[in-house]
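# Tertiary structure, described
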Amino acid sequence: GENVEQHPSTLSVQEGDSAVIKCTYSDSASNYFPWYKQELGKRPQLIIDIRSNVGEKKDQRIAVTLNKTAKHFSLHITETQPEDSAVYFCAADYNNDMRFGAGTRLTVKP
Amino acid sequence: GAVVSQHPSRVICKSGTSVKIECRSLDFQATTMFWYRQFPKQSLMLMATSNEGSKATYEQGVEKDKFLINHASLTLSTLTVTSAHPEDSSFYICSASFRGYGYTFGSGTRLTVV
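This structure is a prediction, so every number in the text was calculated from the model and none was measured.

The next point concerns the overall build of chain B. Across its full length, chain B carries zero helices and 11 strands. Along chain B, helices (α) and strands (β) appear in the sequence β-β-β-β-β-β-β-β-β-β-β when read from the amino end. Relative to the compact-globule value of 13 Å for 114 residues, chain B shows a C-alpha radius of gyration of 13 Å, a close match. If one aligns the C-alpha atoms of chain B with their principal axes, the spans along those axes are about 35 × 25 × 25 Å. Buried positions account for 50% of the 114 residues belonging to chain B. Residue pairs in contact within chain B that sit at least 24 positions apart in sequence constitute 53% of those at least 6 positions apart. About 5700 Å² of surface is accessible on chain B, with carbon and sulfur atoms providing 51% of the total. Distance between charge centres in chain B, computed from 11 positive and 8 negative side chains, equals 4 Å.

Each partner contributes residues to the interface: chain A has 17 residues there, and chain B has 20 residues. Taking both partners together, chain A and chain B bury about 1500 Å²; carbon and sulfur atoms supply 51% of that area. Broken down residue by residue, the surface that chain A buries against chain B is led by R43, N96 and F100 of chain A, which jointly contribute 39%. Here chain A and chain B share one salt bridge between them. In this structure, R99 of chain A engages E59 of chain B in a salt bridge whose closest nitrogen and oxygen atoms are separated by 2.9 Å. The set of elements that each furnish at least two residues to the side of chain A that touches chain B consists of β4 (32-38), β9 (86-94) and β10 (97-100) of chain A. In terms of residue count, β10 of chain A provides more of the side of chain A that touches chain B than any other element does, four residues in total. Looking at side-chain class alone, the side of chain A that touches chain B contains seven nonpolar, four polar and six charged residues.

Below, the discussion takes up the sheet that holds strand β6 (residues 56-59) of chain A. Residue and element names in this part refer to chain A. Read across the open sheet, the five strands follow the order β1-β3-β8-β7-β6; overall the sheet is antiparallel. The sheet is open, and its two edges are formed by β1 (4-7) and β6, each paired on a single side. Neighbour-to-neighbour, the strand axes of the sheet open up by a mean angle of 15°, direction not taken into account. Both strand β3 (residues 19-25) and strand β8 (residues 72-77) contribute to a ladder of six bridges, which runs antiparallel. Considered in β8, the bridge of V20 is made with H76.

Attention shifts here to the state of the cysteines. A complete count under the given rule lists two disulfides over all chains for this structure. Each sulfur in the disulfide pair C23 of chain A and C90 of chain A lies 1.9 Å from the other. The S-S bond linking C23 of chain A to C90 of chain A shows a torsion near -100°; that makes this disulfide left-handed. Of the two residues, C23 of chain A sits in strand β3 while C90 of chain A sits in strand β9, which places them 67 residues apart along the sequence. Each sulfur of the disulfide joining C23 of chain B and C94 of chain B lies 1.8 Å from the other. Given an S-S torsion of about -95°, the disulfide between C23 of chain B and C94 of chain B has left-handed geometry.

Quick notes on the rules
- Throughout this description, residue numbers start from 1 for each chain and increase along the sequence as written.
- Here the convention is simple: chains get letters from A, ligands get numbers from 1, in the order in which they are written.
- The model is predicted, so local features are restricted to residues of pLDDT at least 70 and side-chain atom pairs to those at 80 or more, both for listing and for counting; the totals for chains, interfaces and linings are taken over all residues.
- Side-chain metrics rest on all non-hydrogen atoms present in the structure, leaving aside hydrogens and water.
- A run of DSSP states H or I qualifies as a helix once it reaches four residues; a run of E qualifies as a strand once it reaches two. Both are numbered from the N-terminal end.
- Taken over C-alpha atoms, the radius of gyration is set against a globule rule of 2.2 Å times the number of residues to the power 0.38.
- Relative accessibility thresholds used throughout: buried, under 20% of the residue-type maximum; exposed, over 50%; partly exposed, between the two (1.4 Å probe, protein chains only).
- The contact criterion used throughout is that any non-hydrogen atoms of two residues lie within 4.5 Å.
- The protein chains shown are the only cover counted for residues, whose accessible areas, like all others here, come from Shrake-Rupley with a 1.4 Å probe.
- Charge counting follows a simple rule: Lys and Arg are positive, Asp and Glu are negative, and His as well as the terminal groups are ignored.
- Here the site of a charge means atom NZ of a Lys, CZ of an Arg, CG of an Asp or CD of a Glu.
- Accessible surface is computed with a 1.4 Å probe, and the buried area is the amount of it that two parts give up when combined, taken over both parts together.
- Any carboxyl oxygen of Asp or Glu within 4 Å of a side-chain nitrogen of Lys or Arg constitutes a salt bridge here.
- In this classification, Asp, Glu, Lys and Arg are treated as charged, Ala, Val, Leu, Ile, Met, Phe, Trp, Tyr, Cys and Pro as nonpolar, and every other residue, Gly included, as polar.
- Think of it this way: DSSP has to see at least two bridges between two strands before they count as a pair.
- All axes here are fitted lines through C-alpha atoms, helices being fitted over the stretch that makes contact, and every angle between N-to-C directions spans 0 to 180 degrees.
- For the purposes of this analysis, a disulfide is any pair of cysteine sulfur atoms at a distance within 2.5 Å.

Limitation: the analysis is restricted to geometry and does not speak to function.
Right, here's the structure in full:
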């Protein structure tokens, strides 16, 4: 089955700096890679996703890159703000079988 | 957009009793429902996948007789934790999908077994 590894587990940045979270996956058949933001006790919120036929996608301050050959994908947040502080999960999905990374706790210091 | 309503949001039950958690898709047909469990500071772990009208497929290590899943209609799925024990205390969350087109999460249920 699919195995998703996520790094780092914790990340602390200064407001305005960029944050990068990286994930690798094991199943080359995976074709959908969403990123979720989860605040304490709440449901995961989809923030951006990418499909395997695309190498990069951007939405304002958030971007995701995908390297299918290396089987890794990354989340980039620029100009971080304190409200970006949360736990971020990557996931890899194939045929309705989605597996999550372990999560990254991002702290943005004002 | 797609909405999944999950109830209850919090429940406290006595050890040995059963608890039922409901997830309803409000404006779309959930052909597949996923149930996750999340322990504090950990990731979402898939417990089982259910397709409407079929028996759920459980992940390895998840007891199907303890975590009963029913997906009798395209808009409702339930998870019943039977004979709950303190170690079952966790955050349970459902996610619904219509034919694989995206996933919509419920708001989660915080279960505390005392």
